[in-house]
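Reading the structure
As a plain string of letters, each chain reads:
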Amino acid sequence: MPATGSSVKQRLREYLAAERPAAITEAVWRHLATLLAPVSESYLRDLLRDTGLPFEQPYAGIRQHTFEELEASLREMLEVYTAAAGQDPARARYCRRQVIAAKDRAKFLAASPRTAPGKKAEKQEMAEWMLVWLENPEVFPAWVEARKRAAGLRPSPTPA
């Protein structure tokens, strides 16, 4: 059991060494959020991403370092959102909150005077992708393929 006076990072290391989870599942996520409280979800998510363990959506959140990461995480989130829409409204709302938070972060970076001009344009485009997802998640896969074709980018491989 992690020591109470330790940092969140240290307590997480101790937990992972003792429990050795194979993946960051909903159960692991919820347990860690309680065990390491008070800890922000974004900080916990960053620490867990650094472990390299597989990470279930919606707890993995939206990755947006590249357009490829953004597209993959929005598609993953869509799967969870669609599955939850009828049976688990709280989970569906959680999915939307993750996309909204990521969109807000992209908009913040796009508006920051400290962000390089090229990065500003990239973050504005990423925010647009997330807005489309939020407005109509089911349309997002077709929309993003059309958007990439219009921009001269290679379409994604069709999932099997």
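First things first, this report covers the structure right here in the doc. Given the structure is predicted, the values throughout are model-derived calculations rather than measurements.

**With respect to the overall build of the protein**
A tally of helices and strands in the protein yields seven helices and zero strands. When the helices and strands of the protein are listed from N to C terminus, the series reads α-α-α-α-α-α-α. Its C-alpha atoms give the protein principal-axis dimensions of about 55 × 40 × 25 Å. Looking at the 160 residues of the protein, the share that counts as buried comes to 38%. Restricting the contact set of the protein to residue pairs at least 6 apart, pairs at least 24 apart contribute 52%. By element, 56% of the accessible surface of the protein is carried by carbon and sulfur atoms, the whole surface being about 9,400 Å². Averaging the positions of the 24 positive and the 20 negative side-chain charges in the protein gives two centres separated by 4 Å.

**Some points on unusual backbone geometry**
With an omega of -5°, the peptide bond between Ala37 and Pro38 qualifies as cis. Structurally, Pro38 can be placed in the loop between α2 (26-35) and α3 (41-49). Residue Pro58 is reached from Gln57 by a cis peptide bond, and omega for that bond is 10°. Note on placement: Pro58 falls in the loop between α3 and α4 (67-87). Despite not being glycine, Arg20 shows a phi value in the positive range, around 45°. Mapped onto the secondary structure, Arg20 falls in the loop between α1 (8-19) and α2. By relative accessible area, Arg20 is classed as exposed at 67%.

**With respect to the pattern of salt bridges**
Tallied over the entire structure, the rule returns twelve salt bridges. Glu71 is paired through a salt bridge with Lys148; the nearest N and O atoms lie 2.7 Å apart. In this pair, Glu71 sits in helix α4 while Lys148 sits in helix α7 (residues 140-150), placing the two residues 77 residues apart along the sequence. Side by side, Glu71 and Lys148 carry an identical accessibility label, which is buried.

**Some remarks on the layout of surface pockets**
When its volume is computed, the largest pocket comes out at roughly 460 Å³. Along its surface, the largest pocket is lined by 17 residues, and Ser42, Arg49, Ile62, Gln64 and Arg105 are the ones closest to its centre. Elements with a minimum of two residues in the lining of the largest pocket: α3, α5 (89-111) and α6 (117-135).

**Quick look at the packing of α5 against α6**
Between two packed helices, both the angle of their axes relative to each other and the distance between the axes serve to describe the pair. In the contact formed by α5 and α6, the axes pass within 8 Å of each other and the chain directions differ by 155°. Between α5 and α6, the crossing angle belongs to the class labelled roughly antiparallel. Between α5 and α6 the crossing geometry is left-handed. Taken together, the residues of α6 that come into contact with α5 (itself represented by Arg96, Val99, Ile100, Ala102, Lys103, Ala106, Lys107, Leu109, Ala110 and Ala111) are Lys120, Lys123, Gln124, Ala127, Met130, Leu131, Trp133 and Leu134. Tallied by class, the residues present in the contact of α5 with α6 amount to twelve nonpolar, one polar and five charged.

**Details of α7**
The complete set of buried residues in α7 reads Phe140, Trp143, Val144, Glu145 and Lys148. Residues of α7 that are buried make contact with α4 and α6. Of the residues trailing α7, Gly152 is marked for its positive phi of about 80°.

**Comments concerning the nonpolar core**
For soluble globular proteins, nonpolar side chains are generally found buried alongside one another. One finds Ile62, Leu74, Val99, Met130, Trp133 and Phe140 to be the most contacted residues of the largest nonpolar core, which totals 23 residues. Elements supplying a minimum of two residues to this core: α4, α5, α6 and α7. With sequence-adjacent residues up to four places away left out, Leu74 is seen in contact with Ile62, Val99, Trp129, Met130, Trp133 and Phe140. Formed by 16 residues, the second largest nonpolar core is a distinct cluster that contains Tyr15, Trp29, Leu47 and Tyr59.

Cut-off values and rules
Residues numbered from 1 in each chain as written. Predicted model: local features only at pLDDT ≥ 70, side-chain atom pairs only at ≥ 80, totals over all residues. Heavy atoms only, no water. Helix = DSSP H or I, 4+ residues; strand = E, 2+ residues; numbered from the N terminus. Buried < 20%, exposed > 50% of the residue type's maximum accessible area, 1.4 Å probe, protein only. Contact = heavy atoms within 4.5 Å. Areas by Shrake-Rupley, 256 points an atom, 1.4 Å probe, with all protein chains shown as cover. Lys, Arg positive; Asp, Glu negative; His and termini not counted. Charge placed at Lys NZ, Arg CZ, Asp CG, Glu CD. Salt bridge = Lys/Arg side-chain N within 4 Å of Asp/Glu carboxyl O. 1 Å grid on protein atoms, 1.4 Å probe; cavity = no way out; pocket = protein on both sides within 12 Å on 5 of 7 lines; lining within 4 Å. Points joined across faces, edges and corners; volume = space filled by probe spheres on them. Axes fitted to C-alpha atoms, helices over the stretch in contact; angles between N-to-C directions. Parallel < 35°, antiparallel > 145°, perpendicular 65-115°, else oblique. Left-handed = near helix turned anticlockwise from the far one by under 90°. Nonpolar A, V, L, I, M, F, W, Y, C, P; charged D, E, K, R; others polar. Core = buried A, V, L, I, M, F, W, Y, C linked by side-chain atoms within 4.5 Å.

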